[in-house]
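Structural features, examined
Spelled out from the first residue to the last, the chains are:
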Amino acid sequence: QVEGQKVGDLCAVVIKAICQRNGMIVSDAYVNDQVHLIWSISHGIISLAMVERIAGGREYAFSLYEQAMHSALQSWESKAQS
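Being a predicted model, the structure only gives us computed values, none of them experimental. (Residues numbered from 1 in each chain as written. Predicted model: local features only at pLDDT ≥ 70, side-chain atom pairs only at ≥ 80, totals over all residues. Heavy atoms only, no water.)

1. Considering the pattern of salt bridges
With the rule as written, the count across this model stands at 1 salt bridge. For the salt bridge of Asp28 with Lys16, the shortest nitrogen-to-oxygen distance reads 3.5 Å. Taken together, the residues span a long stretch of sequence, with Asp28 in helix H2 (residues 28-50) and Lys16 in helix H1 (residues 2-21) at a distance of 12 residues. Look at Asp28 and you get exposed, because its relative accessible area is 60%. Relative accessible area serves as the criterion here: at 28%, Lys16 is assigned to the partly exposed category. (Salt bridge = Lys/Arg side-chain N within 4 Å of Asp/Glu carboxyl O. Helix = DSSP H or I, 4+ residues; strand = E, 2+ residues; numbered from the N terminus. Buried < 20%, exposed > 50% of the residue type's maximum accessible area, 1.4 Å probe, protein only.)

Spelled out as structure tokens, the structure:
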């Protein structure tokens, strides 16, 4: 659990920095929500790939993961511009 908390804390620091760099004022609750979303997506894609439930295998699973992370980054940038 300690390791998981450290990973979550690091993700929170990075997410908050990205948001602030893009001019967003974010609450700790917002950042925490984003950490959980990213963590859930990561676990979901990895789990599905491990049990071979993603057609296209690991390469396609990695592609899906990249798309999800790109979408998250775009959302933090677009919210700052709206």
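2. Here's the deal with the nonpolar core
Counting residues in hydrophobic clusters, the biggest one holds 13 residues, and the most contacted among them are Ile15, Cys19, Met24, Val26, Tyr30, Ile38 and Trp76. Among the elements of the structure, H1, H2 and helix H3 (57-81) are those that each provide at least two residues to this core. The residues touching Ile38, leaving out its near neighbours within four places in the chain, are Ile15, Met69, Ala72 and Trp76. (Core = buried A, V, L, I, M, F, W, Y, C linked by side-chain atoms within 4.5 Å. Contact = heavy atoms within 4.5 Å.)

3. Quick word on the environment of Lys16
The spatial distance from the C-alpha of Lys16 to the C-alpha of Ala61 is 27 Å, given a sequence separation of 45 residues. Ignoring sequence-local partners within four residues, the contact set of Lys16 consists of Val26, Asp28 and Val31. Polar contacts involving the side chain of Lys16 include one to the side chain of Asp28, which spans 3.5 Å. (Polar contact = N/O pair within 3.5 Å; in protein donor to acceptor, adjacent residues only side chain to side chain.)

4. Observations concerning the side chain of Ser42
Note on placement: Ser42 falls in helix H2. Reaching out from Ser42, the side chain makes a polar contact with the backbone oxygen of Ile38 at a distance of 2.8 Å. Within the structure, the side chain of Ser42 is placed 3.2 Å from the side chain of Tyr65, a separation counted as a polar contact.

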